[in-house]
Amino acid sequence: MIYVRREKCKYVFMLAALIISVSLVLKLLEMNPELTASQLVVEEALSVQLKPDHKDDGPKSKCGLPEPCPGKDFAFKIHSGATNSVGPQICFDGKMIIKKDTRGNWLGINIAVINEKTGEHIKTGSFNMWTGSVEDLIEFLKSIEDGSLVLIATFDDPATKLNDEARALIAELGSSYISKIKFRDNWLFVGGKKTMTQVYFEQHMKNDKGTNKYENWPEMIEIEGCIPRVIE
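Bear in mind the structure is a predicted one, so any value in this text is a computation, not a measurement. (Residues numbered from 1 in each chain as written. Predicted model: local features only at pLDDT ≥ 70, side-chain atom pairs only at ≥ 80, totals over all residues. Heavy atoms only, no water.)

Enquirer: When you look at the pairing of strand β6 (residues 148-155) in this model, what are you seeing that I'm missing?
Expert: Taken residue by residue, a regular strand's side chains alternate between the two faces of the sheet. Within β6, eight of the eight residues are buried, which leaves it mostly tucked inside the rest of the structure. Here β6 shows two buried faces, one formed by Ser148, Val150, Ile152 and Thr154 and the other by Leu149, Leu151, Ala153 and Phe155. Looking at chain direction, strand β4 (residues 108-115) and β6 are connected through eight bridges and run antiparallel. What sits directly across from Gly108, in β6, is Phe155. (Buried < 20%, exposed > 50% of the residue type's maximum accessible area, 1.4 Å probe, protein only. Helix = DSSP H or I, 4+ residues; strand = E, 2+ residues; numbered from the N terminus. Pairing = 2+ DSSP bridges.)

Enquirer: Help me understand the side chain of Asp185, please; the structure alone is not making it clear to me.
Expert: Checked against the element boundaries, Asp185 lands in the loop between α4 (164-172) and β7 (186-193). No salt bridge is formed by the buried Asp185; the nearest opposite charge belongs to Lys182, separated by 7.1 Å. Only 2.7 Å separates the side chain of Asp185 from the backbone nitrogen of Asn207, close enough to count as a polar contact. In this view, Asp185 contacts Thr154, Asp156, Pro158, Lys180, His204, Met205, Lys206 and Asn207; residues no more than four positions away in its chain are not counted. (Lys, Arg positive; Asp, Glu negative; His and termini not counted. Salt bridge = Lys/Arg side-chain N within 4 Å of Asp/Glu carboxyl O. Polar contact = N/O pair within 3.5 Å; in protein donor to acceptor, adjacent residues only side chain to side chain. Contact = heavy atoms within 4.5 Å.)

Enquirer: In this structure, what is going on with helix α3 (residues 134-143)? I would like to understand it.
Expert: Residues spaced three or four apart along an α-helix face the same direction, because each turn holds 3.6 residues. Taken as a whole, α3 has its buried residues at Val134, Leu137, Ile138, Phe140 and Leu141. The arc that holds every buried residue of α3, seen down its axis, measures 165°, which confines them to one face. Among the exposed residues of α3, those pointing more than 90 degrees away from its buried face are Glu135, Glu139 and Lys142. Each element contacted by the buried residues of α3 is listed here: β4, β5 (121-127), α4 and β7. (Arc of directions from axis to C-beta.)

Spelled out as structure tokens, the structure:
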């Protein structure tokens, strides 16, 4: 009899959990009618994927890197957005410059500019390449001072409004893939403008309906690493 009662209790708890989950989903859909159930599934899956592993994130490990960077080198970790639901993220030297967000924030090309010597976050720019102006992006790129590290993460569509001038300016920062970036590709880049370290990181995931993980969007991509600190 004790066993039966325990089994009954287990099913009661499972039913209660299911009811609560359904209620939460319905509430979210009511708050945002444009949100689809499939988008909620994507967001939940990515939330689990992006959850930091506390076993690896020791007290001196910045941005969730498995191990601390040597000496006083700068740690970074960035990831692209996923579908049109979950935004990008840029972390530099333990500071979350762009935090993962939802509901369409940070669409397009997102840029963080860092002082190469001090690691100070100078400025951030976000440029919607579907409905925005490429001239704003060009102006921002031209305003980056020499000796600046540049971290870029994309979300949804980074390419529709891109023109040759914008691509050339990004290529000058050290990008090898910018000429290949197309509609809804995922792209990450770490480089700089006339920096002393001249360290570059880059990753590109092509939008291909035959291989996409999320129907009309490729899977999220991520890069992390250490950038040597300039010591004078």
